[in-house]
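Summary of the model geometry
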Amino acid sequence: MKSIQKGFTLIELMIVVAIIGILAAIALPAYQDYTTRAKASEIMLAAAAGKVQVAEYFQVNGKLPATADLVLPSQVSTYVASVVQTGGTITATGSTADARLSGKTITLVPTDAGGGVLNWVCSGTIEAKYRPASCKQDAKT
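Residues numbered from 1 in each chain as written. Predicted model: local features only at pLDDT ≥ 70, side-chain atom pairs only at ≥ 80, totals over all residues. Heavy atoms only, no water.

1. Points about a nonpolar patch on the surface
- On the surface, L10, I11, M14, I15, I19 and L23 cluster together into a nonpolar patch covering about 630 Å² of accessible area.
- As for its position among the elements, I11 is in helix 1 (residues 10-48). (Patch = residues over 30% accessible without salt bridge, like charges linked within 9 Å, V, L, I, M, F, W, Y side chains within 5 Å. Areas by Shrake-Rupley, 256 points an atom, 1.4 Å probe, with all protein chains shown as cover. Salt bridge = Lys/Arg side-chain N within 4 Å of Asp/Glu carboxyl O. Helix = DSSP H or I, 4+ residues; strand = E, 2+ residues; numbered from the N terminus.)

Written out as structure tokens, the structure reads:
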């Protein structure tokens, strides 16, 4: 009489566990990078909120605002420690909630492109792989 195998052998189970381990080793770092990019997007949004105010000041007065001329509303959140405007330049700083973004900045620098148009250049100390797409290239307002 032949015996019919019921269940899996030990080697088959070990192969499945190894495959799951390899997939997890690849997926976890990718997921951590993804969540850090999402948090960096929040920092970018906090900085971008002041662009309208700087552009409006520029339209009305014909010059970029001095530090005392324009005070941006507080944009502090879980991942944003501060947003500061200095001479039209807007700098948002990451909070300590994420070690990869703690104390790192996104800076938006306006320049007069003529005709009442401001060109915005995004830079900062946040690693390029974590920056939002809108901060990887120049944008116009």
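Further notes follow.
2. Let's talk about the state of the cysteines
- Enumeration over the complete set of coordinates arrives at one disulfide.
- Two residues, C122 and C135, share a disulfide whose sulfurs are 1.7 Å apart. With the S-S bond torsion at -80°, the cross-link from C122 to C135 turns out left-handed. In this pair, C122 is assigned in strand 4 (residues 117-124) and C135 in the loop between strand 4 and strand 5 (139-140), connecting sequence segments 13 residues apart.
- Residue classification places C122 among the buried residues on the basis of a relative accessible area of 12%. (Disulfide = S-S within 2.5 Å. Buried < 20%, exposed > 50% of the residue type's maximum accessible area, 1.4 Å probe, protein only.)

3. Here's the deal with the pairing of strand 2 (residues 89-94)
- With six bridges joining them, strand 1 (residues 80-86) and strand 2 adopt antiparallel strand pairing. Residue pairing for strand 2: V80 is matched across the bridge by G94.
- Where strand 1 hands over to strand 2, the hairpin turn is made up of two residues, of which G87 adopts a positive phi near 60°.
- Of the strand pairs in this sheet, strand 2 and strand 3 (residues 105-114) are connected by four bridges, and their pairing is antiparallel. Among the inter-strand pairings, T91 is bridged to a residue of strand 3, identified as T107. (Pairing = 2+ DSSP bridges.)

4. Let's talk about the nonpolar core
- Counting 23 residues, the largest nonpolar core has I43, V83, I90, I106 and L108 as the members making the most contacts within it.
- For this core, the secondary-structure elements that each account for two or more residues are helix 1, helix 2 (51-61), strand 1, strand 2, strand 3 and strand 4.
- Residue contributions to this core peak at five residues, all from helix 1. (Core = buried A, V, L, I, M, F, W, Y, C linked by side-chain atoms within 4.5 Å.)

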